[in-house]
Amino acid sequence: SSLTGIARVWMLIDRAHQDHGNVPALTFRLADVATDHLGSGKFDLVCSRFGVMFFADPVAAFVNIASTMKAAGRMVFVCWQGKDKNPWMYAPAGAAFEHVPAPPPPAPEDPGPFCFGDPDRVRGILAGAGWKNVGIEPLTGLLQMGPVDDALEFVSTMGPAAQPLAEAEPEPRRKALAAMRRILAAHDTPTGVQMPYATWLVSANKQ
């Protein structure tokens, strides 16, 4: 599948990093993708796995990315659909918020995991940045979250419930974690917790 293909790319990158003596051209760089000069006409392919949704200025970022690409360059990224399609995060968080205060909801276009949930917005951003032949493919399935305790640690330390839980008094926190655990346990299987997920696989060409 396309998602498997992206995972394979990342495995190859990881493998190359571990054995970097055989790939002297491989480098890692921390930069602001919207403003830093990353090179001109250098790359054939750019890919991202759940990163582009956090751009503070997505149009500027995608313009800058395009400037780094060769004329035939291609971009592929995967991002989450809307939060209503991803109960793996919001069902446990909702249970927690019965016991600890929920944070203010972000505006629909604020940077965050689900801000690319509207495919029309994604197309508009990429078109505004000059990308061509934009394709958006839905990918759905069951997220494998591991044993219940591991899944609980995951959803309680990232996402909307993380800060409220970290700031909560001991007793409300205990109750919130117990409520989250009950949600996850309801989806436990012989191979671990499984909950529905929905993503977009987005592709585009520079020209």
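Residues numbered from 1 in each chain as written. Predicted model: local features only at pLDDT ≥ 70, side-chain atom pairs only at ≥ 80, totals over all residues. Heavy atoms only, no water.

To find leftover empty space, a probe the size of one water molecule is rolled over the atoms. Going through the model one piece at a time under the given rule, you end up with one cavity of 30 Å³ or more. The calculated volume of the largest cavity comes to roughly 30 Å³. Residue lining of the largest cavity: Met89, Pro92, Ala93, Val155, Met158, Gly159, Pro160, Ala161 and Met180, and that is the complete set. Ranked by the residues each element gives to the lining of the largest cavity, the list is headed by helix α3 (residues 87-96), at three residues. Residues that form the lining of the largest cavity fall into these classes: eight nonpolar, one polar and no charged. (1 Å grid on protein atoms, 1.4 Å probe; cavity = no way out; pocket = protein on both sides within 12 Å on 5 of 7 lines; lining within 4 Å. Points joined across faces, edges and corners; volume = space filled by probe spheres on them. Helix = DSSP H or I, 4+ residues; strand = E, 2+ residues; numbered from the N terminus. Nonpolar A, V, L, I, M, F, W, Y, C, P; charged D, E, K, R; others polar.)

For the rest of this paragraph, the subject is the packing of α3 against helix α7 (residues 170-185). For any two helices packed against each other, the geometry is given by the interaxial angle and the distance between the axes. One can describe the packing of α3 onto α7 by two numbers: an axis separation of 7 Å at closest approach and a directional angle of 145 degrees. When you trace α3 past α7, the crossing you get is right-handed. Two secondary-structure elements touch here, α3 through Ala91, Pro92, Ala93, Ala95 and Ala96 and α7 through Ala176, Ala179, Met180, Ile183 and Leu184. Its residues assigned to classes, the contact of α3 with α7 comprises ten nonpolar, no polar and no charged. (Axes fitted to C-alpha atoms, helices over the stretch in contact; angles between N-to-C directions. Left-handed = near helix turned anticlockwise from the far one by under 90°. Contact = heavy atoms within 4.5 Å.)

Glancing now at the nonpolar core. In terms of nonpolar packing, the biggest core is built from 44 residues, with Phe62, Phe77, Phe116, Trp131 and Leu184 touching the most fellow members. Every element with two or more residues in this core is listed here: α2 (58-68), β2 (69-80), α3, α4 (119-128), β3 (132-146), α5 (148-157), α7 and β5 (192-205). It is β5 that contributes the most residues to this core, six residues altogether. When residues no more than four places from it in sequence are discounted, the contact partners of leucine 184 are Pro92, Met145, Val148, Ala151, Leu152, Val155, Val193 and Met195. (Core = buried A, V, L, I, M, F, W, Y, C linked by side-chain atoms within 4.5 Å. Buried < 20%, exposed > 50% of the residue type's maximum accessible area, 1.4 Å probe, protein only.)

Moving on: α3. Buried residues of α3: Trp88, Met89, Pro92, Ala93, Ala95 and Ala96, and no others. In a view along the axis of α3, the buried residues occupy a sector of 155 degrees, so they form one face of it. In this structure, the buried residues of α3 make contact with β2, β3, α5, α7 and β5. (Arc of directions from axis to C-beta.)

Turning next to the side chain of threonine 199. Positionally, threonine 199 belongs in strand β5. Under the relative-accessibility criterion, threonine 199 is labelled buried at 2%.

So, on to the layout of surface pockets. In this structure, the second largest pocket encloses a volume near 390 Å³. Taken together, 19 residues line the second largest pocket, and the ones lying closest to its centre are Lys83, Tyr90, Pro105, Pro106 and Phe114. Here the lining of the second largest pocket is built from residues that sort into 15 nonpolar, two polar and two charged.

Let us now look at the packing of aromatic side chains. Under the counting rule described, the total for this entry stands at eight aromatic pairs. Ring centres of tryptophan 80 and phenylalanine 114 lie 6.5 Å apart, and the angle between their planes is 45 degrees; on these two criteria the pair is classed as tilted. Taken together, the residues span a long stretch of sequence, with tryptophan 80 in strand β2 and phenylalanine 114 in the loop between α3 and α4 at a distance of 34 residues. Taken as a pair, tryptophan 80 and phenylalanine 114 share a single burial class, namely buried. Chaining the aromatic ring pairs together yields one cluster made of Phe50, Trp80, Trp88, Tyr90, Phe114 and Phe154. (Phe/Tyr/Trp six-rings, centres within 6.5 Å; stacked < 30°, edge-to-face > 60°.)

Taken by themselves, the reported measurements are silent on function.
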